[in-house]
Amino acid sequence: RAKGEGPGRSSIFDTSMHDQVRERIELEVALRQALAENQLRVHYQPLVRLETGIPVGAEALVRWEHPERGAIPPMTFIPIAEDAGLIGSIGTWVRQEALRQLGVWRSEGVVRDDFYLSINVSPRQLNEPELPLIVSGEMLRYGVPAHCVALEMTESVMVDGSSVTARVLFELRELGVKLLIDDFGTGFSALGYLRRFPVTGVKIDRSFVIGLGVNVEDDEIVRAVVAMSHALGLSVIAEGVETPLQREALYAVGVVNGQGWLWGKAVPASEFAERWHKDVIAGPPEVQVPAITS
Ligand code: C2E
Ligand code: MG
Ligand code: MG
Ligand code: MG
């Protein structure tokens, strides 16, 4: 009970806490069942070249359609999965499903040879010493080369990560997998980890993209992030691009790749292939990160 709160207040507090706990337990039970009964899905959102609007890859995003409650957003169930020790199983399922799908797309000629899938990984998964071996086995099994796989992780992985995590990241990088910092800029962390860990790119968080072209500070922040990233040889993807104005502003400050509703939401694999395969087949390959000048 919080200090200084009267009994009346704390009972309201207790009731709502109770509801929250009950809700959480219900979702945890339902999530276990969803996993066991194969109710989870993976949707794919294009990662495009700003210049052409052609996808260079896609992000795999997990989806859960609850039988009674409908779609439950990952922002709600991923934290529960993390607390309940389910994130390892969910992460493995999403990764295998995504790699299997990419293997199919590659063998059917739906995507170019350098088209990559970007898969979200939680800190807990990166603290598993066997992960690199497992991922390399999966890539072999589904016929997906390492340069067609990116793993997205938040800054907290680098900041709080154990020595096991560090080794896992170096081994994954050694395999040739891309390692991207998700929601870049939201972690309030020192940037030293960009030098210490084998990161290959950053995804600029949507919160910095929203004000582009309207708010001069946001333009300058993104410009600085791009300059630094390119100087360090890191790729840059802008998240949450919704308007042509944002696209123009990103292009103007040197961002090469973007992701957002301007081009398309995450959709099931069949819809993704239908919508994008002509572009992905015909389109030019991904440009290299600009060379360091001066
Ligand atoms: P994220 O990795 O930063 O993914 C981007 C989120 O932004 C996705 O939300 C995507 O649908 C949304 N988004 C994309 N473009 C736009 C846009 O133009 N405007 C707006 N407003 N939103 C946009 P989603 O799919 O709800 O996923 C939320 C978060 O859940 C993800 O954020 C990621 O942190 C987590 N997540 C999703 N799938 C997985 C997974 O398989 N494993 C793990 N560990 N986390 C996942
Ligand atoms: Mg992500
Ligand atoms: Mg992201
Ligand atoms: Mg984000």
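Here's a quick rundown of the structure. A quick note: this is a predicted structure, and the numbers were derived from the prediction, not measured.

Their axes nearest at 9 Å, the elements helix 3 (residues 87-107) and helix 5 (residues 131-142) cross at an angle of 30°. With respect to each other, helix 3 and helix 5 are oriented roughly parallel. Relative to helix 5, the crossing made by helix 3 is right-handed. Contacts from Thr92, Arg95, Gln96, Leu99, Arg100 and Gly103 of helix 3 reach helix 5 at Leu131, Ile134, Val135, Glu138, Met139, Arg141 and Tyr142. Here the residues of the contact of helix 3 with helix 5 sort into six nonpolar, three polar and four charged.

Time to look at the site of ligand 1. Around ligand 1, the surrounding shell holds 21 residues, and the nearest of these are Gln45, Arg63, Asp182, Glu242 and Trp261. For ligand 1, a nitrogen atom lies 3.0 Å from a polar atom in the side chain of Arg206. Between ligand 1 and Glu239 there is a distance of 3.2 Å, counted from an oxygen atom to a side-chain nitrogen or oxygen. For ligand 1, the accessible surface in isolation is 800 Å², of which the surrounding protein chains cover 84%. Elements represented by at least two residues in the shell around ligand 1 include exactly strand 2 (55-66), helix 2 (74-83) and strand 6 (178-184).

Along the polypeptide, Glu59 turns up in strand 2. With a relative accessible area of 5%, Glu59 lands in the buried category. Separated by 92 residues in sequence, Glu59 and Leu151 place their C-alpha atoms 9.5 Å apart. Only 2.8 Å separates the side chain of Glu59 from the side chain of Lys203, close enough to count as a polar contact.

Moving on, we come to the coordination of the magnesium ion (ligand 3). Ligation of the magnesium ion (ligand 3) by protein atoms is provided by Asp182 (OD) and Glu239 (OE), these donors lying 1.6 to 1.9 Å from the ion. The metal-metal distance between the magnesium ion (ligand 3) and the magnesium ion (ligand 2) is 3.3 Å, with Asp182 coordinating both. Pair noted here: Asp182 is in strand 6 and Glu239 is in the loop between strand 8 (235-238) and helix 11 (244-252), with a separation of 57 residues, a long-range link. An identical accessibility class is assigned to Asp182 and Glu239; each is buried.

Thresholds, definitions, all that
Residues numbered from 1 in each chain as written. Chains lettered and ligands numbered in written order. Predicted model: local features only at pLDDT ≥ 70, side-chain atom pairs only at ≥ 80, totals over all residues. Heavy atoms only, no water. Axes fitted to C-alpha atoms, helices over the stretch in contact; angles between N-to-C directions. Helix = DSSP H or I, 4+ residues; strand = E, 2+ residues; numbered from the N terminus. Parallel < 35°, antiparallel > 145°, perpendicular 65-115°, else oblique. Left-handed = near helix turned anticlockwise from the far one by under 90°. Contact = heavy atoms within 4.5 Å. Nonpolar A, V, L, I, M, F, W, Y, C, P; charged D, E, K, R; others polar. Near = heavy atom within 4 Å. Polar contact = N/O pair within 3.5 Å; in protein donor to acceptor, adjacent residues only side chain to side chain. Areas by Shrake-Rupley, 256 points an atom, 1.4 Å probe, with all protein chains shown as cover. Buried < 20%, exposed > 50% of the residue type's maximum accessible area, 1.4 Å probe, protein only. Donors = N, O, S within 2.8 Å, 3.2 Å for Na, K, Ca; no water.

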